[in-house]
Structures are given as structure tokens and as C-alpha cells.
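Take a look at the letters that make up each chain.
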Amino acid sequence: MNIYFCGSIRGGRQDVTVYQRIIRKLQEYGTVLTEHVSHSELTDRGEDAAVAGDQAIHDRDMEWLAMSDVIVAEVTQPSLGVGYELGHATAMKKRILCLFRPSSGRSLSAMIRGAQDGKLFLVRDYAEEEVVDILEEYFKERKKP
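A quick note: this is a predicted structure, and the numbers were derived from the prediction, not measured.

A few words now on the pairing of strand β4 (residues 95–100). Side chains on a regular strand alternate between the two faces of the sheet. Among the six residues of β4, five are classified as buried, and the element is accordingly described as predominantly covered. In this region the chain leaves strand β3 (residues 70–74), passes through helix α4 (residues 80–91) and returns to the parallel neighbour β4; the handedness of that crossover is right-handed. In the sheet, β4 pairs with strand β5 (residues 121–125) via five bridges, with the strands oriented parallel. Bridge assignment links Cys98 to a residue of β5, and that residue is Val123.

Put into C-alpha cells, the structure is as follows:
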């Protein structure tokens, strides 16, 4: 199973330790195409765009998104890029799980919470200590015939 993980990069790296925990768990279910999002050396300046350029990063990520079987997005830290990816994933009819921590004091965008359909697009509020259990439950449900 190919898994596309979405998390903020240029929008802020405050949640990188949460991303690491999520990606470690996701690797039990398949190949995480965007594992680099959890790398602590990646700053809010993003990947080294000077080498390949922003267009190359965009095109690579869109290819990975198309290859993915499921998208898991940590949406607590607002990010234009994550919203863009989720919009494309929705248009591609991908299975999407969005994870949001209300304890952050933020409000989740209505465009994310309102997209929940109970089937392909799910949003789960969580506390950090619950994330492993939520992922286990989500992937267990996906394996049912």
C-alpha cells in the first residue's frame, strides 16, 4: 500500500515530532511516499528548491499523490500546501484521513471539516497520545471486505 502523508513544511514545523510518530506507525501499513515530511532537519524554508526548483517538487508530489492508495494528513498546523494536496486528492477520489488536535487552540478550516463524507474523506479530532490507536482503527477498517 502506498501512503501519502501530508504535513506542514513551509507553513511551520512546530509539529514535526507528531509527524514522526504518525509516519512510524504508517510504515507498518505500507510505503510512506512522503517520509521526508517528518525529517527534523527539514525547516520551514522547505526542501532545497535551488537544486530542482519548486515546480519539480510540485510535479514529484503530484505524481506520488496519484500513486497513493490512501492519504493521511495532519491538519493542525495550517498549511496552504496541505490544503492544495487535499483538494487534489479529493478530486482524484482518494481515501483521506485528516487528523486535527483541538488542544492546539486552533479551529479547523470549514473546507476540511466540511468535506467529511463518512466514507472517502474522514476527519478525526485527537489528542497526541491517541494517534496510534486512531491509525490502527482506521487501517483495520480499511482491510474489511
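One way to put it is that helix α3 (residues 54–67) packs onto α4 with a least axis distance of 11 Å and a crossing angle of 40°. Overall, the two elements α3 and α4 adopt an arrangement that is oblique. For the crossing formed where α3 meets α4, the hand is right-handed. Along the contact surface, α3 presents His58, Asp61, Met62 and Leu65, while α4 presents Tyr84, Glu85, His88 and Ala89. Residue classes in the contact of α3 with α4 are distributed as four nonpolar, two polar and two charged.

The next subject is the pairing of strand β1 (residues 2–6). β1 sits mainly inside the fold: four of its five residues count as buried. In this fold, β1 hands off to helix α1 (residues 16–26), which returns the chain to strand β2 (residues 31–32); that crossover is right-handed. In the sheet, β1 pairs with β3 via four bridges, with the strands oriented parallel. Directly across from Tyr4, in β3, lies its bridge partner Ile71.

About the thresholds
- Residues numbered from 1 in each chain as written.
- Predicted model: local features only at pLDDT ≥ 70, side-chain atom pairs only at ≥ 80, totals over all residues.
- Heavy atoms only, no water.
- Buried < 20%, exposed > 50% of the residue type's maximum accessible area, 1.4 Å probe, protein only.
- Helix = DSSP H or I, 4+ residues; strand = E, 2+ residues; numbered from the N terminus.
- Right-handed = clockwise from strand over helix to strand, strands pointing away.
- Pairing = 2+ DSSP bridges.
- Axes fitted to C-alpha atoms, helices over the stretch in contact; angles between N-to-C directions.
- Parallel < 35°, antiparallel > 145°, perpendicular 65-115°, else oblique.
- Left-handed = near helix turned anticlockwise from the far one by under 90°.
- Contact = heavy atoms within 4.5 Å.
- Nonpolar A, V, L, I, M, F, W, Y, C, P; charged D, E, K, R; others polar.

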